[in-house]
Amino acid sequence: MNQQLSSLKELVLGDATSLPVPTSVLHELNHANRRLEKLLQQLRNEHNADAELRSIARDVIHAVELNPEIALACIYLNQIAGTYAVRHCIEVAVVVVLVARGMHKQQRDILTMTAAALTMNVGMLKHHDRFQSKPGALNSEDMAIVRRHPEDSAEILKCAGIDDEEWLSCVLLHHENHDGSGYPAGKSGEDITLNARLLSYADRYCAQVSARNYRCSLLPDEALNRLLEELAADADAPLREQFHRQIGKYPPGSLVRLENGEIGVIAHRDASGESLDGVLTVHCLRDAAGKLPAAVILRSSSDGGCGIAEVLSEDQVDLRFSMKQIWGAQASL
């Protein structure tokens, strides 16, 4: 295990004199976010947007494939800039790619589902900022817009030249529930495709771990536990296993307190063994006395006293750090 931590430390610190500068996952996701925001804002006036939307989807997939852990960490560390409405779609796309790859989906299916994640909310994009800034609950008129947005989004996409039926189906069905309580059509059970269910759960999960103006976010372990309960209730065992395996209770980017009192961020998660929660490598940010360490300290959750005692919020940690500090050049802006 010490050899494994030494290898990871070399990967984190790198050797600027001998290695080429790797492509930054953080930069790629933020660039995709800017392209997407610009395109979605004018999508109602576009008539041939298929190629550009697929290009952005490919860029998101490429970023995830470059380093899945950094892509996930961007979500929990709020590193994708821009409006919540568009950032949320990028974050959902990241989770969709990870889970779809875990299910060994074909590349064309992953591309279609990623494109659906990026465009699922275009039907209420112009209302999102207003909804975010409202101090209280949405009124009946607002809720009507929310419940109609899957249909509106699909129609806008059709007018923009999207004729991929699976893409449109995922957008149309991503708020339908297994028990028929969803919208817009109240579909249930097998009437909701597997791809649409995957998108739906990714959407719910990312919404829970993202802070909004009107509510705080859930910590990653709480959000996953809630999602796994929903998947168990829906008897969706394959998706339940893959969300647990690909995301985990303690995904990279989670802020944690160890049993020995040290505070750090999950830098690496190995879920290749029997435990779906995996063996975790933690980059320590504070020692047990609350002081900043003088050198890089990496802990393994399999070592004595280094298990996860609790997951923390950014406010609890109260410490600023860059993703590059944890993951190196692949996490630079």
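The following refers to the structure shown. (Residues numbered from 1 in each chain as written. Predicted model: local features only at pLDDT ≥ 70, side-chain atom pairs only at ≥ 80, totals over all residues. Heavy atoms only, no water.)

**Points about the pattern of salt bridges**
Thought 1: Summed over all chains, the structure comprises 12 salt bridges.
Thought 2: Linking Asp59 and Arg35 is a salt bridge whose minimum nitrogen-to-oxygen distance equals 2.5 Å. Of this pair, Asp59 sits in helix H3 (residues 50–66) while Arg35 sits in helix H2 (residues 25–41), placing them 24 residues apart in sequence.
Thought 3: Take Asp59: its relative accessible area is 22%, and that puts it in the partly exposed class.
Thought 4: A salt bridge links Glu310 to Arg257, with the shortest nitrogen-to-oxygen separation between them at 2.8 Å. With a gap of 53 residues between them, Glu310 in strand S5 (residues 308–312) and Arg257 in strand S1 (residues 255–258) connect regions that are remote in the sequence.
Thought 5: Note on Glu310: relative accessible area 33%, which makes it partly exposed. (Salt bridge = Lys/Arg side-chain N within 4 Å of Asp/Glu carboxyl O. Helix = DSSP H or I, 4+ residues; strand = E, 2+ residues; numbered from the N terminus. Buried < 20%, exposed > 50% of the residue type's maximum accessible area, 1.4 Å probe, protein only.)

**Observations regarding the pairing of strand S2 (residues 263–270)**
Thought 1: A large share of S2 lies buried, amounting to six of its eight residues.
Thought 2: Strand direction decides the pairing type here: S1 and S2, joined by three bridges, are antiparallel. By the bridge assignment, Arg257 is partnered in S2 with Ile263.
Thought 3: Strand direction decides the pairing type here: S2 and strand S3 (residues 279–286), joined by seven bridges, are antiparallel. Opposite Arg269, over in S3, you have Leu280 as the bridge partner. (Pairing = 2+ DSSP bridges.)

**What about the sheet that holds S2?**
Thought 1: Taken in spatial order, the five strands of this open sheet run S4-S3-S2-S1-S5, and their pairing is antiparallel. The strands lining the two open edges of the sheet, one partner per strand, are strand S4 (298–300) and S5. Here the average twist between neighbouring strands, direction ignored, is 40°. (Axes fitted to C-alpha atoms, helices over the stretch in contact; angles between N-to-C directions.)

**Quick notes on the environment of Arg286**
Thought 1: Following the sequence through the fold, Arg286 ends up in strand S3.
Thought 2: The spacing of Arg286 and Val21 is 265 residues in sequence and 29 Å in space, taken between C-alpha atoms.
Thought 3: Non-local contacts of Arg286, meaning those with residues more than four positions away in its chain, are made with Glu262, Ile263, Lys291, Leu292, Pro293, Val317, Asp318 and Leu319.
Thought 4: A distance of 3.1 Å separates a polar atom in the side chain of Arg286 from the backbone oxygen of Gly290. (Contact = heavy atoms within 4.5 Å. Polar contact = N/O pair within 3.5 Å; in protein donor to acceptor, adjacent residues only side chain to side chain.)

**With respect to the environment of Ala100**
Thought 1: By the secondary structure assignment, Ala100 is in helix H5 (residues 84–102).
Thought 2: In contact with Ala100, other than residues within four places in its own chain, are Lys105, Ile110, Met113 and Leu198.

**So, the packing of helix H11 (residues 220–233) against helix H12 (residues 237–246)**
Thought 1: One can describe the packing of H11 onto H12 by two numbers: an axis separation of 9 Å at closest approach and a directional angle of 165°. Taken together, the axes of H11 and H12 lie roughly antiparallel to each other. Regarding H11 and H12, the two cross each other, and that crossing is left-handed. Counting all contacts with H11, which are made through Leu224, Leu227, Leu228, Leu231 and Ala232, the residues of H12 involved are Leu239, Arg240, Phe243 and His244.
Thought 2: Partitioned by chemical class, the residues of the contact of H11 with H12 number seven nonpolar, one polar and one charged. (Parallel < 35°, antiparallel > 145°, perpendicular 65-115°, else oblique. Left-handed = near helix turned anticlockwise from the far one by under 90°. Nonpolar A, V, L, I, M, F, W, Y, C, P; charged D, E, K, R; others polar.)

**Quick word on helix H8 (residues 140–159)**
Thought 1: A rise of 1.5 Å per residue sets the reference length of H8, with its 20 residues, at 28 Å; its end C-alpha atoms lie 28 Å apart and thus fit the reference within 8%.
Thought 2: At His149, H8 shows its largest kink, close to 50°, and the proline Pro150 lies no more than four residues downstream.
Thought 3: Buried within H8 we find Asp142, Ile145, Val146, His149, Pro150, Ser153, Ala154, Ile156 and Leu157.
Thought 4: Its side-chain oxygen at 3.1 Å from the backbone nitrogen of Glu141, Asn139 defines the N-terminal cap of H8.
Thought 5: Taken from the residues just after H8, Gly161 is the one with a positive phi, measuring 95°. (Expected span 1.5 Å × (residues − 1). Bend = angle between axes of the 7 residues up to and from the residue.)

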